[in-house]
Amino acid sequence: MDTTLNSKVPSGALESKWRKHRDESKLVSPNNKRKFDILVIGSGLAGASAAASLAELGYNVKCFCFQDSARRAHSIAAQGGINAAKNYQNDGDSVFRLFYDTIKGGDFRSREANVYRLAQISVEIIDQCVAQGVPFAREYGGLLANRSFGGAQVSRTFYARGQTGQQLLLGAYQALARQIELGGVQMFPRTELLDVVVVQGHAKGIIVRDLVSGEISAHAGDTVVLATGGYGNVFYLSTNAHGCNVSATYRAYKRGAFFANPCYTQIHPTCIPVAGSYQSKLTLMSESLRNDGRVWVPKQKGDKRPPDQIPESDRDYYLERKYPSYGNLAPRDIASRSAKEVCDEGRGVGPGGLGVYLDFSDAIKRLGEKTIRERYGNLFDMYQDITGENAYKVPMRIYPAVHYTMGGLWVDYNLMSNLPGLHVLGEANFSDHGANRLGASALMQGLADGYFVIPYTIGNYLATQMNKKISVDRPEFAAARKEVEERIQRLLSIKGKRTVTSFHRELGTLVWEKCGMARSEASLKEALEKIPALREEFWQNVNVLGEGAEFNQALEQAGRVADFLEFAELMCEDALERNESCGGHFRSEYQTEEGEALRNDDEFCHVAAWQYNGPDAKPTRHIEPLEFAEVNLAPRSYK
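Residues numbered from 1 in each chain as written. Predicted model: local features only at pLDDT ≥ 70, side-chain atom pairs only at ≥ 80, totals over all residues. Heavy atoms only, no water.

1. Quick notes on the overall build of the protein chain
So, point 1. Check the secondary structure of the protein chain and you find 17 helices and 19 strands.
So, point 2. In terms of overall dimensions, the protein chain is globule-like: its C-alpha atoms have a radius of gyration of 24 Å, near the 26 Å expected for 639 residues.
So, point 3. With the principal axes as the frame, the protein chain shows a C-alpha extent of 75 × 60 × 50 Å.
So, point 4. Burial statistics for the protein chain: of 639 residues in total, 62% are counted as buried.
So, point 5. When the accessible surface of the protein chain is totalled, it reaches about 24,000 Å², and 48% of it is carbon and sulfur.
So, point 6. Taken as two groups, the 75 positive and 77 negative side-chain charges of the protein chain have centres that lie 2 Å from each other. (Helix = DSSP H or I, 4+ residues; strand = E, 2+ residues; numbered from the N terminus. Rg over C-alpha atoms; globule rule 2.2 N^0.38 Å. Buried < 20%, exposed > 50% of the residue type's maximum accessible area, 1.4 Å probe, protein only. Areas by Shrake-Rupley, 256 points an atom, 1.4 Å probe, with all protein chains shown as cover. Lys, Arg positive; Asp, Glu negative; His and termini not counted. Charge placed at Lys NZ, Arg CZ, Asp CG, Glu CD.)

2. Remarks on the packing of aromatic side chains
So, point 1. Per the counting criterion, the structure on display carries 25 aromatic pairs.
So, point 2. Aromatic pair Phe64 and Phe188: ring centres 4.6 Å apart, planes at 15°, arrangement stacked. Taken together, the positions of Phe64 in strand E2 (residues 60–64) and Phe188 in strand E5 (residues 185–188) put the pair 124 residues apart, joining distant regions of the chain.
So, point 3. Relative to Tyr638, the ring of Tyr326 has its centre 4.8 Å away and its plane inclined at 80°; by these criteria the two rings are edge-to-face. Residue Tyr326 is found in the loop between helix H8 (318–322) and helix H9 (332–344), and its partner Tyr638 is found in the segment after strand E19 (620–625); the two are separated by 312 residues along the sequence. Across this residue pair, the class does not change: Tyr326 and Tyr638 are buried.
So, point 4. Within the aromatic cluster, the residues linked to one another by ring pairs are Tyr231, Tyr250, Tyr253, Phe259, Phe567 and Tyr612.
So, point 5. The ring of Trp539 has Arg490 lying over it, and the distance from NZ or CZ to the ring centre is 4.0 Å. (Phe/Tyr/Trp six-rings, centres within 6.5 Å; stacked < 30°, edge-to-face > 60°. Lys NZ or Arg CZ within 6 Å of the ring centre and 35° of its normal.)

3. A short note on unusual backbone geometry
Excluding glycine, a negative phi dihedral is what most residues carry, and trans is how most peptide bonds are arranged.
So, point 1. A positive phi is found at Gln200, a non-glycine position, where the angle reads about 50°.
So, point 2. Structurally, Gln200 can be placed in the loop between strand E6 (191–199) and strand E7 (202–210).
So, point 3. Under the relative-accessibility criterion, Gln200 is labelled exposed at 67%.
So, point 4. Positive phi values are uncommon outside glycine, yet Ala440 reaches one of about 70°.
So, point 5. The residue Ala440 is located in the loop between strand E17 (422–424) and helix H12 (442–462) in this model.

4. Regarding the nonpolar core
So, point 1. The biggest cluster of nonpolar side chains holds 184 residues, and the ones touching the most others in it are Ile82, Leu226, Met396 and Leu422.
So, point 2. Apart from the residues within four sequence positions on either side, Leu422 is in contact with Ala203, Val224, Leu226, Ala252, Ala257, Leu409, Leu415, Met416 and Ser417.
So, point 3. Formed by 5 residues, the second largest nonpolar core is a distinct cluster that contains Trp296, Ile310, Tyr317 and Tyr357. (Core = buried A, V, L, I, M, F, W, Y, C linked by side-chain atoms within 4.5 Å. Contact = heavy atoms within 4.5 Å.)

5. Thoughts on the pattern of salt bridges
So, point 1. Applying the stated criterion to the full structure yields 56 salt bridges.
So, point 2. The shortest N-O distance in the salt bridge between Asp68 and Arg72 comes to 3.4 Å.
So, point 3. The closest approach of N and O atoms between Arg255 and Asp195, which form a salt bridge, is 2.7 Å. Taken as a pair, Arg255 in the loop between helix H7 (247–254) and strand E10 (259–260) and Asp195 in strand E6 lie far apart in primary sequence, 60 residues in all.
So, point 4. A residue is classified by how much of its surface remains accessible, and Asp195, at 7% relative accessible area, is buried.
So, point 5. One continuous salt-bridge network, built from bridges that share partners, spans Asp107, Arg109, Asp333, Arg337, Arg578, Glu580, Arg599, Asp601 and Arg636. (Salt bridge = Lys/Arg side-chain N within 4 Å of Asp/Glu carboxyl O.)

6. As for the packing of helix H6 (residues 164–182) against H12
Angle between the axes and distance between the axes: these two values describe a pair of packed helices.
So, point 1. Closest axis-to-axis distance for the H6/H12 pair is 11 Å, and the angle between their directions is 10°. Relative to H12, the element H6 lies roughly parallel. Together, Thr164, Gly165, Leu168, Gly171 and Ala172 of H6 and Leu443, Leu447 and Tyr451 of H12 make up the contact between the two elements.
So, point 2. A per-class count over the contact of H6 with H12 returns 5 nonpolar, 3 polar and no charged. (Axes fitted to C-alpha atoms, helices over the stretch in contact; angles between N-to-C directions. Parallel < 35°, antiparallel > 145°, perpendicular 65-115°, else oblique. Nonpolar A, V, L, I, M, F, W, Y, C, P; charged D, E, K, R; others polar.)

Below, the structure written as structure tokens:
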């Protein structure tokens, strides 16, 4: 395994790198594709599109997901839209503008070549999805409609009301289902990856557990493709589905894959505030609502009047005041910190003062309620179902919550990790979003990776693996399976007094308070003292009911929380080492006089990729310098 970070970015002009790379990439002939077995883990947008595309090319694909159907992957929860530089609105958009907005939105902490490729591919994604029948919103004349998202001054976001993720996933699922029917893909639902098998330094297989029967099995392949999403549930409360976890990428990390930028977590500014300690997740209100909703709080601390009794003169539209060029469409990290600031000042609204208003009254007066219903109706319905409030009549109450993770396994330009044979797609890798993801770019990256990047780049690895077939009879598979079984038995044998959920909630509260919207040297050191103690108590006092050879959700959860208890320490370590503020990583010691993030480009204009050295050893921090040829490193301003 190579410990050097070779990004394998092709030479030449930025706009021609991807074309040049495709022209020079190694090929696998059609008759040889049938000889290769590819293991795809995850069936969300990245996983389903990759599995379908690779099978269409002729590869033999096995696709694994822990949901009961690929249609239930968490990609279905994405609401607002997908970016593409088609310039349908004729408002000055271009591939370069999308590229620059993404680089700037990520606070100049992403790899330039990867981001430009993403912007180039974006225009093809929309055509692909329309051809599949994805019902994007359309203008009166039939053209595809666009709306704006944070961090952009153009309208480039394609959408299907507030159900864009669901509709895109159904398109990818249709492509996947076609290949399942044709025999190109063998689907394994309700199956969870528990380890990656490394043979002679290459990822060549996986160990999985059937979540219905509890059976442990091994699968060998010529390459492994991880598309398993992000790690936001380390905070316990997040907008992610309860089952989302870090286990697949963390187990790969423990087998040698480097984990890059784990401290980069995104706090989404428009979520329904916490209602009580009984909650196990939070609910997202799409950022698209900020197109027509205005964010405000009372000007005076402690103003408890109902919103309709607070006159305009007593309202602070703080995003419009602080960032006049972007207003309510300021990027997520900036909008989230601004909401926290006004609430910390005592100007928050709702129970506990942890909320701000998202007000649609002006838009309804200007456009009519019917138009707002057409654009966002299902979001308003969901808000009323959860809060009991009619947002057409009273402003929504929103507050920031953990949403997306920009960190992930390190990958090169081919989307292969430093562990040969392990490819990583979508949110599971680190590559495209830097320190802050712009809204509507997650769906773009997932589909770009699955439909348009990995089908080209995977050949660079597979072409070197002819006649190197691996069998599950090898000792490496037996050893990995034994480790998995021993881990399961250890969890079941503790018979302590605390539930898994209680440990997860305590960990999440700790990480949110010490490594959440704001971090400091003191808070991170405190977290790094408390997490190992909590982890030790977990392994001595957790109570996991049931047995291993059966349907056992308590066991599933215990394995995932055990990984979170280790990963949280890595995340805080990464945040402590990065002595700057950038995007979603806000160190309170490093801010401008106006309270904005203060980067340190001289020392930290790089990717931090961590190497696992064993259970009792500190991981090694490797760096990949970030070089910018087409953009200038500049203070990030949206004023």
